[in-house]
Structure formats: C-alpha cells, structure tokens
Amino acid sequence: MHQRQVRRLPHRRKRRRAAAEEPAAPPAARVQHSKLYQLLNSSSRAHGSVLFDRALLLLILANVYVDVMLTVDEWAAQHGAAAKVFETVSSLLFIAEYITRFCVAGERAKFRGTAGRWRFVTSWASIVDLCSFIPWIAEKLIYWGEDGDVPSTAYVLSLIHI
C-alpha cells in the first residue's frame, strides 16, 4: 500500500517558531471591584451576592402574590392597608437597588463615563428594573394630593401649562 505523505510548508514552521520565541504576554491584571459591586453583580461568586439575588427573587414573587391577591375583594378588604405598605416598601427597595446599581456600574469598563452610563440605563436588565418601579412612581404622582393636603398632579400640571 501506498502511504500518504503530508508535506509541511516551510512558512508555517517559521510562524510557529516566531510565535514560540515571542515573550508571553503578562497576565491581565485582575480588577478589584468594591464589595457593593460584588454584592449586586449576579455573576459574582461571592456568598452575599447569591443571598442578595435570592432575597430579590423572593421580594419579586411576594409582590406578584400580593398583586394577585388584591384582585380578590375579601382579601383586599382585609389586607388592603398592609398591602399598600408592602408595595411602598418594596418599591422603595427596588428604587434604592436601581440607584445603587447605577452608582457602581462605572466600575465595569463598559459603563464608564457618560456614554457608558447611558448604555447602562438603556440595557435590557436596566429597563426591566425601571419597569418594576416606574408604575409605582407614576401612580404616586397621579394621585398625589387626593388627601387634600398636597396639590394634585393635575393642578401642578395645569400651572406649568399656564
């Protein structure tokens, strides 16, 4: 039988030798992020990050449960006031989390500077986070002053229009 010979091209050998002779690039410097960044970063392997993610998931599920239960008239009549307090506290927590994420986003090179922060605000995850509390803020603005102690939003908007 005839054995097939593989002919190696000389230019390939030269490239390999040249690559072998080049000094190896120094290892990339590991970036030290703040503890707060590590806590909020879900890809972090820090123990606190896992606990924070689980607590946030539980808060989201609890909000869904309360919103669904508010559609039941009997439950809403009995627990409506507590549900409003829960909704307010959880919305404030979501707002605080978003602001904190915005503040530490600059630790990642992708989100540094004004353009980077805009990239953060317009990212999918950030838009989802905004959608979690913007309706609450809008509701508070629309119904602000229905108790009679603070001017209503409609009144404030009418003054701006004048």
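Use the structure listed above.
Just so it is clear, the model here is predicted, and its values are computed rather than measured. (Residues numbered from 1 in each chain as written. Predicted model: local features only at pLDDT ≥ 70, side-chain atom pairs only at ≥ 80, totals over all residues. Heavy atoms only, no water.)

Caption draft 1: Spatial organisation of the packing of aromatic side chains. Taken as a whole, this structure holds five aromatic pairs when the rule is applied. Between Tyr65 and Trp75 the ring centres are 6.5 Å apart and the planes differ by 80 degrees, which places this aromatic pair in the edge-to-face class. Taken together, the positions of Tyr65 in helix H3 (residues 47–69) and Trp75 in helix H4 (residues 73–104) put the pair 10 residues apart, joining distant regions of the chain. The class for Tyr65 is partly exposed, based on a relative accessible area of 49%. Ring geometry for Phe111 and Phe120: centres 5.5 Å apart, planes at 80 degrees, overall edge-to-face. For the pair Phe111 and Phe120, a shared accessibility class is recorded, and that class is buried. (Phe/Tyr/Trp six-rings, centres within 6.5 Å; stacked < 30°, edge-to-face > 60°. Helix = DSSP H or I, 4+ residues; strand = E, 2+ residues; numbered from the N terminus. Buried < 20%, exposed > 50% of the residue type's maximum accessible area, 1.4 Å probe, protein only.)

Caption draft 2: Layout of the environment of Ala105. On the secondary structure map, Ala105 appears in the loop between H4 and helix H5 (113–121). You can call Ala105 buried: its relative accessible area is 5%. Remark: the alpha-carbon pair of Ala105 and Val121, spanning 16 residues in sequence, is separated by 9.8 Å. Residues within four places of Ala105 in sequence aside, it is in contact with Phe111, Arg117 and Phe120. (Contact = heavy atoms within 4.5 Å.)

Geometric values such as these leave the question of function open.
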